[in-house]
Amino acid sequence: MKKLNNLVNSFKSSIKVQRYLELEKIVNLKYKDDYEKILFLQREAVRKNDFTLYNNRLDEFKSNIIISEYLDLIEEINADIMLIKNIIEEGINADVLT
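Let me sum up the structure you'll find in this document.

Parameters and conventions
- Residues numbered from 1 in each chain as written.
- Predicted model: local features only at pLDDT ≥ 70, side-chain atom pairs only at ≥ 80, totals over all residues.
- Heavy atoms only, no water.
- Salt bridge = Lys/Arg side-chain N within 4 Å of Asp/Glu carboxyl O.
- Helix = DSSP H or I, 4+ residues; strand = E, 2+ residues; numbered from the N terminus.
- Buried < 20%, exposed > 50% of the residue type's maximum accessible area, 1.4 Å probe, protein only.
- 1 Å grid on protein atoms, 1.4 Å probe; cavity = no way out; pocket = protein on both sides within 12 Å on 5 of 7 lines; lining within 4 Å.
- Points joined across faces, edges and corners; volume = space filled by probe spheres on them.
- Nonpolar A, V, L, I, M, F, W, Y, C, P; charged D, E, K, R; others polar.
- Contact = heavy atoms within 4.5 Å.
- Polar contact = N/O pair within 3.5 Å; in protein donor to acceptor, adjacent residues only side chain to side chain.
- Core = buried A, V, L, I, M, F, W, Y, C linked by side-chain atoms within 4.5 Å.

Comments concerning the pattern of salt bridges
Then, in step 1: Using the criterion set out here, one finds seven salt bridges in the structure.
Then, in step 2: A salt bridge links Glu-69 to Arg-19; its shortest N-O distance comes to 2.9 Å. Here Glu-69 is found in helix 5 (residues 65-97), whereas its partner Arg-19 is found in helix 2 (residues 15-30), with 50 residues between them in sequence.
Then, in step 3: We classify Arg-19 as partly exposed; its relative accessible area is 30%.
Then, in step 4: For the salt bridge of Glu-89 with Lys-85, the shortest nitrogen-to-oxygen distance reads 3.2 Å. With Glu-89 and Lys-85 both in helix 5 and four residues apart, this pair spans about one turn of that helix.
Then, in step 5: What emerges from the salt-bridge pattern is a single network uniting Lys-16, Glu-76 and Asp-80.

Given below as structure tokens:
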């Protein structure tokens with residue numbers, strides 16, 4: 001469990017996660033309403049299976065460099081989390097099978 005805690009702490013203190021947290025504060029202060037509108041449009045696009053309006057508004061939204069970096073970091077961090085999850089699962093499965 002100590003190794004897992006070290007991994008989590010290392011991940012949380014990474015430059016990428018720290019930058020994400022900084023940007024999250026900015027987004028929540030300055031762009032929260034716009035971000036929530038984008039999320040609403042995304043849900044509507046999925047429901048209607050029509051992504052035209054959503055994609056157009058998302059492109060406009062992403063033209064802001066802060067928003068663009070924020071969304072990119074969300075994708076990168078999610079990918080990192082999935083990779084870590086898969087590594088942990090493979091390790092557990094390997095232990096179970098041996």
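Comments concerning the layout of surface pockets
One water molecule sets the probe size; rolling that probe over the atoms shows where empty space is left.
Then, in step 1: One number sums up the size of the largest pocket: a volume of about 160 Å³.
Then, in step 2: Along the walls of the largest pocket sit Tyr-35, Ile-38, Leu-39, Gln-42, Tyr-54, Leu-58, Phe-61, Lys-62, Leu-71, Ile-74 and Glu-75, which together make up its complete lining.
Then, in step 3: Elements represented by at least two residues in the lining of the largest pocket include exactly helix 3 (32-48), helix 4 (52-62) and helix 5.
Then, in step 4: Per-class residue counts for the lining of the largest pocket are eight nonpolar, one polar and two charged.

Digging into the environment of Tyr-31
Then, in step 1: As for its position among the elements, Tyr-31 is in the loop between helix 2 and helix 3.
Then, in step 2: For the pair formed by Tyr-31 and Phe-61, sequence separation is 30 residues and the distance between their alpha carbons is 9.6 Å.
Then, in step 3: Setting aside chain neighbours within four positions, we find Tyr-31 in contact with Ile-26, Phe-61, Asn-64, Ile-66 and Ile-67.
Then, in step 4: Polar contacts involving the side chain of Tyr-31 include one to the side chain of Asn-64, which spans 3.0 Å.

As for the nonpolar core
Then, in step 1: By size, the foremost hydrophobic cluster in this structure holds 17 residues, and its most contacted members are Val-27, Tyr-35, Tyr-54, Phe-61, Ile-67, Tyr-70 and Leu-71.
Then, in step 2: Broken down by secondary-structure element, the contributors of at least two residues to this core are helix 2, helix 3, helix 4 and helix 5.
Then, in step 3: Of the residues forming this core, the biggest block, five residues, is contributed by helix 5.
Then, in step 4: Each residue touching Tyr-54, except ones within four places of it in the same chain, is listed here: Ile-38, Leu-41, Gln-42 and Ala-45.

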